[in-house]
Amino acid sequence: YQISEKIFGFYSRLLVGSVFLFVFSQLILRYLNISFRMSFEVKKYTVQNILMSTLSRFLVILAAFFTNSFLSIVVVLSIGMFLLVVLYLILQRDEYFPVSENGSVDFGLNLKNYGSYFKFALFSAPTYIVTYLNGYMSNQIIGSCLSAHALGIFASTSMFNQILNA
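What this report covers is the structure whose coordinates are included nearby. The structure displayed is predicted, hence computed values, not measured ones.

**Some words on the overall build of the protein**
Across its full length, the protein carries seven helices and zero strands. For the protein, the α and β elements follow one another from N to C terminus as α-α-α-α-α-α-α. Of the roughly 12000 Å² of accessible surface on the protein, a fraction of 68% belongs to carbon and sulfur atoms.

Next comes the structure, spelled out in structure tokens:
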């Protein structure tokens, strides 16, 4: 069995690639978001956090106006989130692009004290993958096994729960 057949009920390499692109985009956006938070840039952190939360819903709604194909909606969502990553990689390039004190680019890489950060990043990555897949997989399973009505109730309840936990 292919992974997309097992999870989504049909074979599609594009779907699997899109899901991985979406998860990759979410991981990079979360890293950049944490960078804002650790730099005490509250306004930028808040705007980026809200944008990350609302853009995915907006892209799904926008795509749904033009198609009812699950594959097309996932592709639009993944590409949209990846474009947001590209935008924030450009906006935050000074935070990860190596610039020396005199303003020149310094590609010398010293990873002497970064071992613990890499270990933390490596072992915490599955948390984000599972968290984001959990939100989409539960919706997919409820939508395919039950009905659109049940999915709407579940999504509304989930949204209400997120508001209460904020």
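Read on for the rest.
**A closer look at the nonpolar core**
Counting 13 residues, the largest nonpolar core has L29, L55, L59, L77, M81, L84 and Y88 as its most contacted members. Elements with a minimum of two residues in this core: α2 (13-38), α3 (42-66) and α4 (70-91). The element contributing the most residues to this core is α4, with five residues. Those residues in contact with L59, other than ones at most four positions away along the chain, are V76, L77, G80 and M81.

**Brief notes about the packing of aromatic side chains**
Applying the stated criterion to the full structure yields one aromatic pair. Ring centres 6.4 Å apart and planes at 80 degrees place the aromatic pair F36 and Y88 in the edge-to-face group. Of this pair, F36 sits in helix α2 while Y88 sits in helix α4, and the two are 52 residues apart along the sequence. Each member of the pair, F36 as well as Y88, carries the same accessibility label: buried.

**A short note on a nonpolar patch on the surface**
Together, F58, I61, L62, F65 and F66 give the surface a local cluster of nonpolar side chains, amounting to about 620 Å² of exposed area. On the secondary structure map, F66 appears in helix α3.

**Side note on the environment of I3**
Within the secondary structure layout, I3 lies in helix α1 (residues 3-8). Each C-alpha atom, one on I3 and one on V16, is 7.6 Å from the other, the two residues being 13 residues apart in sequence.

**Remarks on the side chain of S35**
Looking at the secondary structure, you find S35 in helix α2. Not counting the four nearest positions on each side in its chain, S35 is found in contact with Q92 and E95.

**A few points about α4**
Spanning 22 residues, α4 covers 32 Å between terminal C-alpha atoms, matching the ideal 32 Å at 1.5 Å per step. Buried within α4 we find I73, V74, V75, L77, S78, G80, M81, L84, V85 and Y88.

**Points about the pattern of salt bridges**
According to the stated counting rule, one finds one salt bridge in the structure shown. For K44, the salt bridge identified is with E41, shortest N-O distance 3.0 Å. On the accessibility criterion, K44 (46% relative accessible area) is partly exposed. Residue classification places E41 among the partly exposed positions, given a relative accessible area of 26%.

Conventions we followed
Residues numbered from 1 in each chain as written. Predicted model: local features only at pLDDT ≥ 70, side-chain atom pairs only at ≥ 80, totals over all residues. Heavy atoms only, no water. Helix = DSSP H or I, 4+ residues; strand = E, 2+ residues; numbered from the N terminus. Areas by Shrake-Rupley, 256 points an atom, 1.4 Å probe, with all protein chains shown as cover. Core = buried A, V, L, I, M, F, W, Y, C linked by side-chain atoms within 4.5 Å. Buried < 20%, exposed > 50% of the residue type's maximum accessible area, 1.4 Å probe, protein only. Contact = heavy atoms within 4.5 Å. Phe/Tyr/Trp six-rings, centres within 6.5 Å; stacked < 30°, edge-to-face > 60°. Patch = residues over 30% accessible without salt bridge, like charges linked within 9 Å, V, L, I, M, F, W, Y side chains within 5 Å. Salt bridge = Lys/Arg side-chain N within 4 Å of Asp/Glu carboxyl O. Expected span 1.5 Å × (residues − 1).

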